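Working through the structure, step by step
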Amino acid sequence: PFFYDDVDAEVLDIWVQSTSRRRGGAGELVRQALADIHGRVGLQVHVENTPSLAFWNQVVETNGWEITRELVEGAGGQVWKITVATNQEAEPDESS
């Protein structure tokens, strides 16, 4: 990980060509990519990138995941350090 030390995976970049936006493709891509992750996923979004923040809020809400945000200083200025908990069911406790 380049930005986190407490996650199971990171999203480094996601981009959709402007002519293909607002069709649900990016949300479906994220859902499928995170489907097999049982834990926490980290990403960062520049403070000025309000469309990206709105996208992540919608994807998290739609999938029933949990999100935490922390405003930090990044290489290009202030960024939101975002952690998404995918809420996958934990493996059953074999001691019961």
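Please refer to the structure higher up on the page.
Turning our attention to the pattern of salt bridges. Counted under the stated rule, the structure contains two salt bridges. With a closest N to O distance of 3.2 Å, aspartate 6 and arginine 40 form a salt bridge. Taken together, the positions of aspartate 6 in the segment before β1 (9-10) and arginine 40 in strand β2 (residues 40-46) put the pair 34 residues apart, joining distant regions of the chain. Taking relative accessible area as the criterion, arginine 40 reaches 33% and is therefore assigned partly exposed. Arginine 31 is the salt-bridge partner of glutamate 28, the closest N and O atoms lying 2.6 Å from each other. Separated by three residues within a single helix, glutamate 28 and arginine 31 lie in helix α1 (residues 25-34), roughly one turn from each other. The partly exposed category is assigned to glutamate 28, whose relative accessible area is 32%. Its relative accessible area of 34% is what places arginine 31 among the partly exposed residues.

In this structure, glutamine 78 sits in strand β4 (residues 77-85). Considering only alpha carbons, one finds glutamine 78 and glutamine 44, 34 residues apart in sequence, at a separation of 9.9 Å. Contact partners of glutamine 78, with chain neighbours within four places excluded, come to His46, Val47, Leu71, Val72 and Glu73.

Attention now goes to the packing of α1 against helix α2 (residues 50-63). Across the interface, α1 lies against α2 with an axial gap of 10 Å and an inter-helix angle of 55°. The angle between α1 and α2 places the two elements in the oblique class. Crossing of α1 over α2 shows right-handed handedness. Within the contact between the two elements, α1 uses Ala26, Gly27, Val30 and Arg31 and α2 uses Phe55, Trp56, Val59 and Asn63. Per-class residue counts for the contact of α1 with α2 are five nonpolar, two polar and one charged.

Our focus in this paragraph is the layout of surface pockets. Here the largest pocket is characterised by a volume of approximately 890 Å³. Together, 31 residues line the largest pocket, and Ile14, Ala26, Pro51, Ser52 and Phe55 are the ones closest to its centre. Those elements that provide at least two residues to the lining of the largest pocket are α1, β2 and α2. Of the residues assigned to the lining of the largest pocket, the class counts are 14 nonpolar, eleven polar and six charged.

Two strands pair when backbone bridges link them, and β2 and β4 are joined in this way by seven bridges, in the antiparallel orientation. Note on β4: the bridge partner recorded for leucine 43 is isoleucine 82. Across nine bridges, the pairing between strand β3 (residues 66-74) and β4 is antiparallel. Considered in β4, the bridge of glutamate 66 is made with alanine 85.

So, how was this worked out
- Residues numbered from 1 in each chain as written.
- Predicted model: local features only at pLDDT ≥ 70, side-chain atom pairs only at ≥ 80, totals over all residues.
- Heavy atoms only, no water.
- Salt bridge = Lys/Arg side-chain N within 4 Å of Asp/Glu carboxyl O.
- Helix = DSSP H or I, 4+ residues; strand = E, 2+ residues; numbered from the N terminus.
- Buried < 20%, exposed > 50% of the residue type's maximum accessible area, 1.4 Å probe, protein only.
- Contact = heavy atoms within 4.5 Å.
- Axes fitted to C-alpha atoms, helices over the stretch in contact; angles between N-to-C directions.
- Parallel < 35°, antiparallel > 145°, perpendicular 65-115°, else oblique.
- Left-handed = near helix turned anticlockwise from the far one by under 90°.
- Nonpolar A, V, L, I, M, F, W, Y, C, P; charged D, E, K, R; others polar.
- 1 Å grid on protein atoms, 1.4 Å probe; cavity = no way out; pocket = protein on both sides within 12 Å on 5 of 7 lines; lining within 4 Å.
- Points joined across faces, edges and corners; volume = space filled by probe spheres on them.
- Pairing = 2+ DSSP bridges.

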